[in-house]
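Here is how the chains run, residue by residue.
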Amino acid sequence: MKRRNFIKSASLTGAGIIVGSNLTSCAEKSAEEREVPVSTGKTSLPLVIATWHVMDSTVKAMKILQDGGTALDAVEQGCMVEEANEKGQSVGKGGLPDRDGNVTLDACIMDKHGNCGSVVYLQNITHAVSVARKVMEDTPHVMLAGKGAEQFALSRGFQPEDLLTEASKAAWEKWKIEAKYKPIINIENHDTIGMLAIDKNGDISGACTTSGLAYKMGGRVGDSPIIGSGLFVDNEIGAAVATGLGEEVVKTVGSFLVVELMRQGKSPQEACKEAISRIVNKPNSDYKNFQVGYIAVNKQGVTGSYSIHQWFSMTKFQDGVNEQIQSDYFNKD
Ligand code: ASP
């Protein structure tokens, strides 16, 4: 199957929306060519899984877990690898900006106790996931936004940086020539990094970080920093994280839904599939024109992933094997 871009006029706001227009070589070859396994049944701990093809991030997280670190440290530091990667144009430094040229980050983190922290519309700070962790640990709040989040980060010693790299600025300048406000849904490529880990003690944590949709309206916030939508962790049951068109994930409270379905007895795979079916089976669902993908893990260390379209993948590190696992998907037309 060839690479496909789904292009559609924006309906709600007239805003231009691009989901993932960037990096990772995984999109260059078909799943068959890459010999990507479709599933594994291993359950040994520790383990880490992440959305898309982010081998360096899972290596970092697994190193922490193998050294006896917590799942919370693992997911934070795993996500930080991709945030610092300037070539990644959907996360942290180098993320594609909104339509006004501002790079604005959304991130959240959740621990084994159900504590959580989140930042939305954060500017000038690369490691949004670490600011989210500070919100969780150092404030009585769950979520900080915009200037308040930035000031809080600065007060905690984070260094301000210009997140708009030359490459992302050039992409934005090119987009501005037409600025047709049409979303281009690239369903095969790397977007938000969402990461879930179980440490040696069997405790689960998760994190999620993104620069959101490229060329979004100023002020737009997606699912990624919304606890229950972009991420949810229940240490008794399991955890889930989402990527793709955030508006659709928010409307179905997707990650919470996946965890609740696991609580009712579904496997992680079945739960991800059911959460996707809630989106695609809505009356007049426009699913052919956008991508959503979920990954999930249960308390036993069984994992699953499912997406609307082909090419979504999960990176999984377990038992010394760090591998990309192609997700099963709904739209087989
Ligand atoms: N879910 C993210 C958002 O809507 C984008 C993505 O995963 O590509 O902001």
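See the structure shown above.
Residues numbered from 1 in each chain as written. Predicted model: local features only at pLDDT ≥ 70, side-chain atom pairs only at ≥ 80, totals over all residues. Heavy atoms only, no water.

### Re the sheet that holds strand E13 (residues 303-307)
The strand order across the open sheet formed by 5 strands is E10-E11-E12-E13-E16, and the pairing between neighbours is mixed. The open sheet terminates on both sides in strands that have one partner only, identified here as strand E10 (231-234) and strand E16 (328-329). Pairing of strand E12 (residues 292-298) with E13, which is carried by 5 bridges, proceeds in the antiparallel orientation. Opposite Gly293, over in E13, you have Ser307 as the bridge partner. (Pairing = 2+ DSSP bridges. Helix = DSSP H or I, 4+ residues; strand = E, 2+ residues; numbered from the N terminus.)

### Some points on the nonpolar core
Of all hydrophobic cores here, the largest spans 44 residues; its most connected members are Leu196, Leu231, Val258, Val292, Tyr294 and Ile308. Top contributing element to this core by residue count: helix H9 (residues 268-280), with 6 residues. Excluding residues that lie within four positions of it along the chain, Leu231 makes contacts with Cys108, Ile109, Met110, Leu196, Gly206, Ala207, Cys208, Ile226, Ala240, Val241 and Ser255. Counting 38 residues, the second largest nonpolar core, distinct from the first, contains Ala74, Val75, Leu105 and Phe158. (Core = buried A, V, L, I, M, F, W, Y, C linked by side-chain atoms within 4.5 Å. Buried < 20%, exposed > 50% of the residue type's maximum accessible area, 1.4 Å probe, protein only. Contact = heavy atoms within 4.5 Å.)

### Focus: the site of the ligand
Taken together, 12 residues lie around the ligand, and Thr192, Arg220, Asp223, Thr243 and Gly244 are the ones closest in. Here an oxygen atom of the ligand sits 2.5 Å away from a polar atom, N or O, in the side chain of Thr192. The separation between an oxygen atom of the ligand and a polar side-chain atom of Arg220 is 2.7 Å. In isolation the ligand offers 270 Å² of accessible surface; the protein chains occlude 99% of this area. Of the residues in the shell around the ligand, the class split is 2 nonpolar, 7 polar and 3 charged. (Near = heavy atom within 4 Å. Polar contact = N/O pair within 3.5 Å; in protein donor to acceptor, adjacent residues only side chain to side chain. Areas by Shrake-Rupley, 256 points an atom, 1.4 Å probe, with all protein chains shown as cover. Nonpolar A, V, L, I, M, F, W, Y, C, P; charged D, E, K, R; others polar.)

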